[in-house]
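Each chain, written out:
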Amino acid sequence: MAKRNKIKPSPILEETFVEESKDSTSIKEQSQQQGNKEAKTSESIFKKLNSAYQTIKQDTLYNIFTGFILILLSVFCIIAFTSFFFTWHEDFDKVTSSFSVLFNYETEVENWLGKFGALISYVFIYKFFGVASYAIAVSLLIWGIKKVRLQQTAFNLLLHTLFWMIWISLTASFFLQEKYPFAGGGYGEVMNTTFTSIIGKWGLLTFLIVSLATYFFINPVLIRILSNIFTSNKIHSDTQNSSTSITDVENIPFSDEIKTDSIESEEDEEDIEIEVVQNEEKKSDEPQPSTTEEVQEVVFQINNEEQNKPKQEDKNNEPKFTIEQPATEPIAEPEREPTPEDLAKKLVEEQGEFNPRLDLSEYQFPSIDLLNDYGSGTAKINQEELIQNKDKIIKTLKNYGIDIQEIKATVGPTVTLYEIIPAPGVRIARIKNLEDDIALSLAALGIRIIAPMPGKGTIGIEVPNQNPEVVSMKSLLAADKFQNSNYDLPVILGKTISNEVYIADLTKMPHLLMAGATGQGKSVGLNVILASLLYKKHPAEIKFVLVDPKKVELTLFNKVERHFLAKLPNSEDAIITDTKKVIHTLNSLCIEMDNRYALLQDAQVRNIKEYNQKFTHRKLNPNDGHHYLPYIVVVIDEFADLIMTAGKEVEEPIARIAQLARAVGIHLIIATQRPSVNIITGVIKANFPARVAFRVSSKIDSRTILDIGGAEQLIGKGDMLYNAGSELVRVQCPFIDTPEVERVTEFIGIQRAYPTAFLLPEYHDENEDSGGGDIDLSERDKLFEEAAKIVVQFNQGSVSFLQRKLKIGFNRAGRLVDQLEAAGIVGPFEGSKTREVLIKDMQQLSDILNNLSK
């Protein structure tokens, strides 16, 4: 063991130390004069950060915790990789799409470690290195064990891992590519093809053998030679130079270290202690220094500033100076006035949140027992039909020289989907062009080829079933997916080919266009959508505006007029059949939309959901005109008839509602049997991203509706294609008969309802109205003068503005505006624009009011 003795430095050391201290002092003075304090500050910060990192790195708990994490990660990779070879058939098409599979709750995988295990095993084994990916797990395991045992990790571990990953991947791909395509992974396949094309198979085999021999025989010899050379050079340099070493810094000359320390801490020069450690024991195998020289270790211990402060105080004999502050009493904060938020919280605590259903608290939702059950709701599998269709598809493709690797069938209620994986080198366009030939061989009504299927590496062939099943509305309403849906306006569309219930949110669409030939299921589809909302929403939460030019399709919903329907104030029938009333109703909805936007602006919210949430929390005052806003769904049947009779008078308000009304809860559903470009114009298509296409007669009609072909291959009877902007889904619409709709509406109609239907704002047609000339100003409203002063003062003459300021209803505010127009205070009605205020001076207004009083 080395014996450590404290000695005084020799005179030579003292002189060197003093000279170096003087030099360091002069250097520091020069640096202070030049203003280099910022450089020293940054250097000290870097040293502190470096010391903190070294402390954390040397912490035992940190290393053990990191080691266990690496071991668990290694075990996770081994299990996931092993599971890949048993479950890749089921998971392959699910993980090939993108990383979005991790957040898709509907997707289920068979990998033992779930979606993340399936994804990483697919990436490492299929995409990259194949079975060589196990080298990653082994290296992580070795690294973790070394961390737990507090051992240093050599950089050679990474080099070994890389070598074995590349070599095993290339070798497995070379020998097992044809029988086991996943053995070498994507990297091995690419490298095998590249090397084979350059040096041939025998050249590649030679390269693999030489590289393995190099690793086992030549590589250790080279490492041993380099290590011996490095060791000899280090011993030679140690014998030539001084053998002194300073703690915390290695291989730095003695005088240079003194300079650095003296420059950094000038005030601590007198506190430096020098310790000499004499090495008495020396190993026989280590190189022995000369006997005349003694190997010494010089250790500098520099006291901290906290230890130096009392010495400096004693040296300077400075008296202590302290300042005592007088005790101050805490200042009482003044009581602040309650804010609207405080008042809202108090109201919620006392009365609870506002419940819009309290007006009809005894309302009962219709039961699903009112509907008929047309079947079990599950598709019946006919094995003979499936085998025959499969054999015919394979035979037809082979006749044209197309081989397939795999075929899979998914049986739906009316259509069966056959997914095929073509052999390598087969072009998709060849299969797509055989659509009519496959239909001929199958003797089917019409098939549809999806090449390729979105999110899958397959080609889909949809073949109609010989005995299609009827999808009942009752089975879909009873499904858990609909009962537990958290959509704002859930709408049932039907069942997909995979027998899944397909539900969409009308608020996300936000408008729906339905088109198809006559007798293909449009009217049934409208009844399905309306029934879905009747079964899910309370009368206080939704209202319907029904437009039926044929006068026979939607008449059954007359029974729920006072519960769910909305109409104009002076209208007798809630279901609109007259074209002129349709124009008035659509323009009235535009006024309702503007009024709702004014309420949202006053409440400082962005959409109807936030507004209603704020109103239910009692943060909005009803005395200011605020009230609960129900959703309004506008259903227009036979849209083509309206365009033919009214033209732009109907198209313009519909386009305006479609563009702006989404945020205020007004949604459109339009159905037509004429999918032509003069009916479904560019304005309509631009504002209706969600579209449903039933069977049409030609591909041109399909492109007019969906911007893509395929609707001409549907089989009818509710078979439809739903396009939500990015995805195209084939859905079988459920069947709901007229007696079923009648039973549902009767069940709702016999219950207690509102006094009247939901009244829309009044609309005055400037072509029919003479502009207020028939109004008798002698029978003015009591609030006429106050309304006139408010209009002139704020220079606003709209009905909604007077409704908020005077805290009155819409009808009374409309009559006041008509009287102000007759008096010449505001201008005529200009559609959606605000009326112009003709009087700009309060004195001029006073003269007008005095003349009217005479």
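Residues numbered from 1 in each chain as written. Predicted model: local features only at pLDDT ≥ 70, side-chain atom pairs only at ≥ 80, totals over all residues. Heavy atoms only, no water.

The next thing to look at is the overall build of the chain. From N to C terminus, the chain includes 28 helices and 18 strands. Here the contacts in the chain between residues at least 6 apart in sequence split such that 69% fall between residues at least 24 apart. When the accessible surface of the chain is totalled, it reaches about 49,300 Å², and 53% of it is carbon and sulfur. (Helix = DSSP H or I, 4+ residues; strand = E, 2+ residues; numbered from the N terminus. Contact = heavy atoms within 4.5 Å. Areas by Shrake-Rupley, 256 points an atom, 1.4 Å probe, with all protein chains shown as cover.)

Let us now look at a nonpolar patch on the surface. The grouping of Val75, Ile79, Phe85, Phe86, Trp112 and Val131 at the surface amounts to a nonpolar patch, some 550 Å² of accessible area in total. Following the sequence through the fold, Ile79 ends up in helix H3 (residues 60-95). A relative accessible area of 34% places Ile79 in the partly exposed class. (Patch = residues over 30% accessible without salt bridge, like charges linked within 9 Å, V, L, I, M, F, W, Y side chains within 5 Å. Salt bridge = Lys/Arg side-chain N within 4 Å of Asp/Glu carboxyl O. Buried < 20%, exposed > 50% of the residue type's maximum accessible area, 1.4 Å probe, protein only.)

Note on placement: Lys201 falls in helix H7 (residues 185-240). Sequence separation between Lys201 and Phe174 is 27 residues, and the spatial gap between their C-alpha atoms is 8.4 Å. Those residues in contact with Lys201 that sit more than four places away from it in its chain are Phe174 and Thr196.

Glancing now at the sheet that holds strand S5 (residues 415-422). Strand order across the open sheet formed by 4 strands is S4-S5-S7-S6, with antiparallel pairing between neighbours. Sheet topology places strand S4 (404-411) and strand S6 (448-450) at the edges, where each strand pairs with a single neighbour. Looking at each pair of strands side by side, their axes are set apart by 20 degrees on average, direction ignored. As paired elements, S4 and S5 share 7 bridges and run antiparallel to each other. Residue pairing in the sheet places Ile404 in a bridge with Pro422 of S5. Along the sheet, helix H11 (residues 383-399) makes contact with S4, S5 and strand S7 (459-464), crossing S5 at roughly 40 degrees. (Pairing = 2+ DSSP bridges. Axes fitted to C-alpha atoms, helices over the stretch in contact; angles between N-to-C directions.)

Its location among the elements puts Thr616 in helix H19 (residues 608-616). Looking at Thr616, the relative accessible area reads 12%, which means it is buried. The residues contacting Thr616, other than those within four sequence positions of it, are Glu353, Phe354 and Tyr628.

What follows is about helix H28 (residues 842-853). Taking 1.5 Å per residue, 12 residues should reach 16 Å; H28 reaches 16 Å between its end C-alpha atoms and fits that length. Restricting attention to buried positions, one finds in H28 the residues Leu845, Ile848 and Leu849. Buried residues of H28 fall within an arc of 95 degrees about the axis and therefore sit on the same side. Its side-chain oxygen 3.3 Å from the backbone nitrogen of Gln843, Asp841 forms the N-cap of H28. (Expected span 1.5 Å × (residues − 1). Arc of directions from axis to C-beta. Polar contact = N/O pair within 3.5 Å; in protein donor to acceptor, adjacent residues only side chain to side chain.)

Our focus in this paragraph is the packing of aromatic side chains. In this structure the tally under the stated criterion is 8 aromatic pairs. Considering the side-chain rings of Tyr363 and Phe564, the 6.3 Å spacing of their centres and the 70 degrees angle between planes classify their relative orientation as edge-to-face. Here the residue Tyr363 occupies a position in the loop between helix H10 (340-351) and H11, and Phe564 occupies one in helix H17 (residues 561-564), the gap between them amounting to 201 residues. Looking at Tyr363, the relative accessible area reads 9%, which means it is buried. A residue is classified by how much of its surface remains accessible, and Phe564, at 0% relative accessible area, is buried. Aromatic side chains Phe794 and Phe801 sit 5.7 Å apart centroid to centroid with 65 degrees between the ring planes, which places their arrangement in the edge-to-face category. Of the residues examined, Phe794 reaches a relative accessible area of 39% and is grouped as partly exposed. The class for Phe801 is buried, based on a relative accessible area of 5%. (Phe/Tyr/Trp six-rings, centres within 6.5 Å; stacked < 30°, edge-to-face > 60°.)

Quick look at the pattern of salt bridges now. This model, assessed by the stated rule, comprises 20 salt bridges. Among the salt bridges present, the one from Asp594 reaches Arg656, with a minimum N-O distance of 3.2 Å. In this pair, Asp594 is assigned in helix H18 (residues 579-603) and Arg656 in helix H21 (residues 648-660), connecting sequence segments 62 residues apart. Residues joined in a network through salt bridges with shared partners are Arg448, Glu462, Asp719 and Arg730.

We now examine H18. Under the 1.5 Å per step criterion, the end-to-end length of H18 is 36 Å for 25 residues, consistent within 8% with the ideal 36 Å. Within H18, 18 of the 25 residues are buried, which leaves the element mostly enclosed by the surrounding structure. Immediately downstream of H18, the backbone of Gln604 shows phi near 60 degrees, a positive value.

As for its position among the elements, Ser702 is in helix H23 (residues 699-706). When its relative accessible area of 0% is taken as the criterion, Ser702 is described as buried. Discounting chain neighbours no more than four positions away, the residues touching Ser702 are Val696, Asp707, Ile708, Gly709, Gly710, Ala711 and Glu712.

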